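Here are the chains, one letter per residue:
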Amino acid sequence: MLSTKRFVLLLGAASLLAALVNCASNPATGKLDVVLMSESKEIEIGRKAHEELISDGATYNDTALQSYVNRIGQELAKNSARPDIEYTFTVVDEDSINAFALPGGYIYLYRGLLAYLDTEEEMAAVLAHEIGHVTARHAVRQKTSASTSEVLSTLAGVATGNADLYNASRQYATEIIRGYGREMELEADGEGAEYLHATGYDPNAMLDVINVLKDLETFQRDKALAAGQRVPKQSSLYATHPRNELRYQEVIRVTGELDATGILPVDPTAYREATQGLSYGKSSEPPEREDDRFYHNKLGFTFAIPDGWTAERGSRAIITSADDGSARLALGMSRAPKDGDYRSFLASAVGESALNQGKALEQAGLKGYTAIAPAGEGKSRRRVAVLQRGSIAYVFEGQVLDDGDFPKTDKELTALISSFRPMKPEERSAGPRQYIDWEQVKPGETLATIARGVRLPNAEKEIRLMNGYYPRGEPRAGDWIKVVKTET
């Protein structure tokens, strides 16, 4: 028999589910949909997920481009089937060729995709497609088809402000980026074409974008064949979306039903100006580094440099020394001990068996040992330490010119050793930044001759792909094309 408390809990859950389940007319399709979520809850989930993405540093750092994308997106949203909700459009700082929408009007466009689009109309087509997912409530409908417990736990997180909501939000984003499936993707194509038309864009721009996707599929197939690899069945873009051929046919059907009335001319310079200088590939932003730290790019470690000290690379060690010459600390490398006996290893490394005031170290995921080596003939006391990272042992040996200053200076030496850690991902250098540069084709130039000045693997194929000339074709003299430049 159920206890009274358990019965009440089950009754409460059933009541909550009954209150949430409702048949609502889909604003995009007009059909009745069984949904487990109110519009306010849908928007709240999207907002929470958006806040997490932004806090994770997902936004591409280009105010003018963000403003441009937002302006186009807002115009399309006003002509959508859900114009009354608040939409947010964000360019994501990733080189992936993708776009996605979260519940409640949060739409994301990857900068990687922008490099392969040529016009404002094409960008608008991508945004319109994602708006179609929002207006048709695809995120809600997809989640409705999931288990009731998933939906209730997500809603409970929204209602209570539980920290687990963030995990649910991230799961939402992951599922949505993977795609909604054939029926919903085709539905978003059709809705997007209508929103383009209503806003004054040529709905055939949706076909142009699908041509880009088809070229990407061809490019990936050709790369696989050239490398002797298995040919992928689909592009990695929208991996669970319907085959592009099906989408192509569906959009042709929808756009064929829309007349040319109301289509407005679009300034071709707007998209060029907005994407001029757009980061290409992985190297979007320079590494985020502090001025008072030393960074070793190859080995991936960093440590703080005290005020009044300077760090220099030597042939055998990195030497950090006080500007007045009163003290220095040498950092060398050796093979790490296999037995984890850091004290014995350190004593052998610095040539001193009698170590004083020793203690184990554990910092930033690294383990080791530090101690004071006693003064010897012609030597003052030394601060010594070892830290193991992988198979490498980093050995520190700090020396003070005047032993009477050792207690004071040792604090600086100890602080420097304590600041040693692996570099964070945002601190690592991705190499010279590459960016999109729009250029006009000169008489006599071909994509092959232009690609000779581009520092990319398969440069000609990449330039063809990003300008709509893959696998063949040539621009005319005076045409604008995108090339990739490398900062020096």
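Reading the values: rules and limits
- Residues numbered from 1 in each chain as written.
- Predicted model: local features only at pLDDT ≥ 70, side-chain atom pairs only at ≥ 80, totals over all residues.
- Heavy atoms only, no water.
- Helix = DSSP H or I, 4+ residues; strand = E, 2+ residues; numbered from the N terminus.
- Buried < 20%, exposed > 50% of the residue type's maximum accessible area, 1.4 Å probe, protein only.
- Contact = heavy atoms within 4.5 Å.
- Salt bridge = Lys/Arg side-chain N within 4 Å of Asp/Glu carboxyl O.
- pLDDT = per-residue confidence, 0-100.

Per the secondary structure count, the protein includes 16 helices and 18 strands. Within the protein, the fraction of its 488 residues that count as buried is 47%. Counted over contacts in the protein with a minimum sequence separation of 6, partners at least 24 positions apart contribute 65%.

The next point concerns the pattern of salt bridges. Enumeration over the complete set of coordinates arrives at 20 salt bridges. In this structure, the salt-bridge partner of Arg 111 is Asp 93, at a minimum N-O distance of 2.6 Å. Of this pair, Arg 111 sits in helix H4 (residues 111–114) while Asp 93 sits in the loop between strand E3 (88–92) and strand E4 (99–102), placing them 18 residues apart in sequence. Taking relative accessible area as the criterion, Asp 93 reaches 18% and is therefore assigned buried. Here Asp 118 ties to Lys 482 by a salt bridge, and the two come within 2.5 Å at their closest N and O atoms. You can see Asp 118 sitting in the loop between H4 and helix H5 (120–135) and its partner Lys 482 sitting in strand E18 (residues 480–486), a full 364 residues away along the chain. Given the relative accessible area of 23%, Asp 118 is considered partly exposed. Salt bridges sharing common partners tie together Glu 42, Arg 82 and Arg 137.

Time to look at the confidence of the model for the protein. When the pLDDT values of the protein are averaged, the result is 81; 80% of them are 70 or greater. In the model of the protein, helix H1 (residues 4–20) stands out as the element of lowest mean pLDDT, 35, in contrast to helix H3 (residues 63–78), which has the highest, 97. Here residues 1–23 is a poorly scored stretch, pLDDT under 50, and it has 18 contacts once near neighbours within four places are set aside; other chains count. Between residues 144–178, whose pLDDT stays under 50, and residues either more than four places distant or in other chains, the model counts 58 contacts.

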